[in-house]
Amino acid sequence: MSPPLWIAAWALLLHGCAAGRAPRAPSTRSDIRDCTAEPPYLPPTATNTTARLAVLRSILRTHGVHAYIVPSTDAHMSEYISERDARLGWLTGFTGSAGTAVVTRDKAALWTDSRYWTQAERELDCNWELQRTTSIESIATWILKEVPAEGNVSLDPFLFSIDTWNSYSRALHGSGRTLLPLETNLVDQAWGDQRPPPSSSEIYSLPAEFTGSRWQDKVAGIRQRMEQHARRPTAVLLSGLEETAWLFNLRGDDIPYNPVFYSYTLLTNTTISLFAEQSRLSQEARQSLRSGCPGPLCVELHDYGQVSAHLHRYAQGNVTVWLGTEYTTYGLYAIVPQEKLLEESYSPVMTAKAVKNAHEQEMLRAAHVRDAVAVIQYLLWLERTVPQGQVDEFSGAQRIDAFRWAQEHSRGPSFESISASGLNAALAHYSPSNGSSRTLSAREMYLFDTGGQYLDGTTDITRTVHWGEPTPLQKEAYTRVLMGNIDLFRLVFPSNTAGRTVESFARRALWDIGLNYGHGTGHGIGNFLSVHEWPVGFQSNNVPLEAGMFTSIEPGYYQDGDFGIRIEDIALVVEAQTEHQSGEKPFLTFEVVSLVPYDRNLIDLSLLSPEQIRYLNSYYEKIRAHVGPELRRQQLEDEYVWLQESTEPFAVSSAGSAAAGSLALAALLSVLLSGLGA
């Protein structure tokens, strides 16, 4: 059996709730569903989807559809989406950020990755099979089994990427099933008037002091890239919401936690067309966009819904349209004839935005200093209140959000705060609700992954703490996660190295004892934009690292049903100060930007090498130098004292035998870089 078939069969056997699967012992856990029980057991977190599925299936029959594929994204390939676009969540009850559902006339299944397996078992009812993979091969295999020959498999082409569409097309080719695009979204029809309305809030200009450069200069830079490209494209199509927001120095609030607005841009050599709801533009924004009229810096304003028709008309001429395939839907892509397309993974706007200039770097550093103040306030507050049993996960999340709101230039959290105690921390992306929230206890580990939006930058930081006596496994796992964080931060590597080449350095200390984690090691971050900003990071589809890029570094470890650990800091890629230089470009390294100390109670110094301890001491000196004065400026004397105590230097003599691992680490780097040609 081929690997995809094996995976699909394994997932169905072990985790589905469909009739006919192999029986197993009833679950003893009360937080997840048990579809083998009589009657099936559903936790209070599960959603009853019977009526929703019945309505959708009636619509399927009306359209002659045998299977309908529902993604978790929107028309801009956004990671975070508005409530109006949360079709997967409404249909299934599953609130994770990544997943795909397929509904046939008598079955329904959800595919998601390892971050969300337990969450899915908590939120799905027994109408749904859970497939523990995200591969399109697995989805297609399931469809081929459930859809009869000559059946129609449909989807909304404006909700799927080009690659995803092509993958489904290849998987179904020659099977007798037809992949049928329907621009009428069937979930929207089923949702009806209960679907949330579109945003009506203002689209506004970012104050000049919080921009890296004028929008006119950014446009000129992109046009220069167009001229320098071998294909000499005549236009760039921008579909990612943060692309248009960054290009024009505009912001909105159409997506929770992300200051963006629904829009497209078509930038040509001589014209600029912005597609957005014109009535929502502030007077200042409108004046800025129209200040160059008439002329090549005049922004022509069009309604959001006109982009397809406008692009179709433009594509009739002698043109070449440059687009980024990662953020363009198949629906838009199919409008332009193939010979008139210039396809790259990311648009020139996305790659330009990824490298911050000096002013943008300083703004992000400044935002992280104030953000550290809020996190330190929260840590001290927790130390005082948790022993009294007065804090639960939800109230904790509310408290840290409030501390951030009080900081200068704050615009709220950058994502829904992850506040997870005990077994909930084993869910990498768990967020508490007011109705189901564990009380924080000094007997359990507590993980909080939170971030802020500030006019000068976006932040994201994770700390894990324990106020009592951690178990030996908890302490060793935490220390090894910290070692991975340190090892990657200390790394010096050649210019143009891909993040995936060095990603394993964050895992090495865990691998040494047979542990690992199932999520990525890091992601880019914006200047008052997305908290997860592509194309920077450590995954296979990220671009090579360059000086000026910001990325998170966030190794972790998760013991299902028991505890979870993650340590996340934001890093700036900088030129390394090396004794020698081989080649024209200097080597690179990481500068830590997050400025919050780690939990001393969880660190086993005997596992650390002298170099790792020296790094910690240097980091703590930096925290004192940057955050200490800000705490005093804000007259937070108790927090200042806490900071001094928490950043006391460690004795290098406490290091254990791990120093020998540094040589192995250096040798491993040499092998990886030479083998992958980085």
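The sections below set out a description of the structure shown in this document. Since we're looking at a predicted model, the values are computed, not measured. (Residues numbered from 1 in each chain as written. Predicted model: local features only at pLDDT ≥ 70, side-chain atom pairs only at ≥ 80, totals over all residues. Heavy atoms only, no water.)

## Section: the sheet that holds strand S20 (residues 461-466)
Selection criterion: Strands pair, by our definition, only if DSSP identifies at least two bridges between them. Runs of E in the DSSP output that reach at least two residues are strands. Runs of H or I that reach at least four are helices, and both are numbered from the N terminus. Only the stretch in contact is used when a helix axis is fitted, and all axes are lines through C-alpha atoms; the angle between N-to-C directions ranges over 0 to 180 degrees. The contact criterion used throughout is that any non-hydrogen atoms of two residues lie within 4.5 Å.
A sheet is described by the order of its strands in space; here three strands give the open sequence S16-S17-S20, paired in antiparallel fashion. Each end of this open sheet is capped by a strand with a single partner; those strands are strand S16 (418-421) and S20. Put simply, the sheet's adjacent strands are angled 10° from each other on average, direction ignored. On top of the sheet, helix H14 (residues 358-385) reaches S16, strand S17 (445-450) and S20; it is set at about 155° to S17, its chief contact.

## Considerations on the nonpolar core
Quick reminder of the rule: By convention a nonpolar core is built from buried Ala, Val, Leu, Ile, Met, Phe, Trp, Tyr and Cys residues, the set being connected through side-chain atoms within 4.5 Å. Each residue gets one of three labels from its accessible area relative to the maximum for its type: buried under 20%, exposed over 50%, partly exposed in between, using a 1.4 Å probe on protein chains only.
Within the largest apolar cluster, 82 residues are counted, with the highest numbers of intra-cluster contacts made by Leu-488, Phe-590, Tyr-598 and Val-627. In terms of residue count, H14 provides more of this core than any other element does, eleven residues in total. Those residues in contact with Tyr-598 that sit more than four places away from it in its chain are Arg-463, Tyr-478, Leu-482, Asn-485, Ile-567, Asp-569, Ile-603, Leu-616, Tyr-619 and Tyr-620.

## With respect to the packing of helix H19 (residues 610-633) against helix H20 (residues 637-646)
Stated formally: In what follows, roughly perpendicular refers to angles from 65 to 115 degrees, roughly parallel to angles under 35, roughly antiparallel to angles over 145, and oblique to any angle outside these ranges. Here the term charged refers only to Asp, Glu, Lys and Arg, the term nonpolar to Ala, Val, Leu, Ile, Met, Phe, Trp, Tyr, Cys and Pro, and the term polar to all other amino acids, Gly among them.
One can describe the packing of H19 onto H20 by two numbers: an axis separation of 9 Å at closest approach and a directional angle of 175°. The angle between H19 and H20 falls in the class roughly antiparallel. Here Tyr-620, Ile-623, Arg-624, Val-627, Gly-628, Leu-631 and Arg-632 of H19 lie close against H20, whose contacting residues are Glu-637, Glu-639, Tyr-640, Leu-643, Gln-644 and Ser-646. Counted by class, the contact of H19 with H20 contains six nonpolar, three polar and four charged residues.

## Side note on the packing of H14 against H19
Definition in use: Should the near helix be turned anticlockwise from the far one by less than a right angle, the crossing is left-handed, and should it be turned clockwise, the crossing is right-handed.
Across the interface, H14 lies against H19 with an axial gap of 9 Å and an inter-helix angle of 70°. As judged from the angle between their axes, H14 and H19 are roughly perpendicular. The handedness of the crossing between H14 and H19 is right-handed. Here H14 contributes Val-369, Arg-370, Ala-372, Val-373 and Ile-376 to the contact with H19, which in turn contributes His-626, Val-627, Glu-630 and Leu-631. Looking at the contact of H14 with H19, its residues break down into six nonpolar, one polar and two charged.

## A look at empty space enclosed by the protein
Take a probe with the size of a water molecule and roll it over the atoms, and the empty space left behind shows itself. Note the threshold: In the cavity and pocket records, a cavity denotes points on a 1 Å grid over the protein atoms alone where a 1.4 Å probe fits but cannot get out, a pocket denotes an open set with protein on both sides within 12 Å along at least 5 of 7 lines, and lining residues are residues with an atom within 4 Å of a point. Grid points are joined across faces, edges and corners, and a volume is the space filled by probe spheres set on the points.
Tallying each qualifying case throughout the model produces three cavities of 30 Å³ or more. Within this model, the largest cavity holds a volume of roughly 90 Å³. Taken together, 16 residues line the largest cavity, and the ones lying closest to its centre are Lys-218, Trp-246, Arg-251, Glu-360 and Asn-527. Residues of the lining of the largest cavity, tallied by class, amount to five nonpolar, five polar and six charged.

## Examining the layout of surface pockets
Considered as a void within the structure, the second largest pocket measures approximately 610 Å³ in volume. Taken together, the residues of the lining of the second largest pocket sort by class into nine nonpolar, five polar and eleven charged.

## Here's the deal with the sheet that holds strand S3 (residues 108-111)
With mixed pairing, six strands are arranged side by side in an open sheet as S4-S3-S2-S1-S5-S6. The open sheet has two edge strands, strand S4 (129-131) and strand S6 (178-181), and neither has a second partner. With direction set aside, neighbouring strand axes in the sheet form an average angle of 25°. In this structure, strand S2 (residues 100-104) lies alongside S3, joined through four bridges in antiparallel fashion. Paired with Ala-101 across the two strands is Leu-110, which belongs to S3. Sitting on the sheet, helix H2 (residues 50-62) is in contact with strand S1 (67-71), S2 and S3, with an inclination near 65° to S2. Most of the contacts of helix H6 (residues 162-172) go to S6, to which it runs at about 150°, and overall it touches S1, S2, strand S5 (152-155) and S6.

## Overview of the side chain of Asn-542
Stated precisely, the cut-off is as follows: We define a polar contact as two N or O atoms separated by no more than 3.5 Å, with the added condition that, inside protein, one atom must be a possible hydrogen donor and the other a possible acceptor, whereas residues neighbouring each other in sequence contribute only through side-chain atom pairs.
Residue placement: Asn-542 occurs in the loop between strand S22 (533-537) and strand S23 (550-553). Of the polar contacts made by the side chain of Asn-542, one reaches the backbone oxygen of Pro-535; its length is 3.1 Å. Polar contacts involving the side chain of Asn-542 include one to the main-chain amide nitrogen of Phe-538, which spans 3.0 Å. If we skip the residues at most four places from it in the chain, Asn-542 touches Trp-534, Pro-535, Val-536 and Gly-537.

## Brief notes about helix H8 (residues 215-228)
Rules: Helix span, expected: 1.5 Å multiplied by one less than the number of residues in the helix. In this description, the arc belongs to the directions extending from the helix axis to the C-beta atoms.
Its 14 residues give H8 an end-to-end C-alpha distance of 20 Å, which sits within 8% of 20 Å, the value for a rise of 1.5 Å per residue. Here H8 has its buried residues at Trp-215, Gln-216, Lys-218, Val-219, Ile-222, Arg-223 and Met-226. Along the axis of H8, the buried residues cluster in a sector spanning 160°; they form a single face. Away from its buried face, by an angle of more than 90 degrees, H8 presents the exposed residues Glu-227 and Gln-228.

## Details of the state of the cysteines
Spelled out, the test is: Cysteine sulfur atoms that pair up within 2.5 Å are treated as a disulfide.
For the coordinates displayed, the defined rule picks out two disulfides. Here Cys-35 is linked by a disulfide to Cys-126, with a sulfur-sulfur distance of 2.0 Å. Given an S-S torsion of about -95°, the disulfide between Cys-35 and Cys-126 has left-handed geometry. Highlighted residues: Cys-35 in the loop between helix H1 (3-15) and H2 and Cys-126 in the loop between helix H4 (117-123) and S4, separated in sequence by 91 residues. Accessibility expressed as a relative area gives 15% for Cys-35, which makes it buried. For Cys-126, a relative accessible area of 26% corresponds to the partly exposed category. Linked covalently through their sulfurs, Cys-293 and Cys-298 form a disulfide whose S-S length is 2.0 Å. Handedness here is read from the sign of the S-S torsion; for Cys-293 and Cys-298, about 75°, the answer is right-handed.

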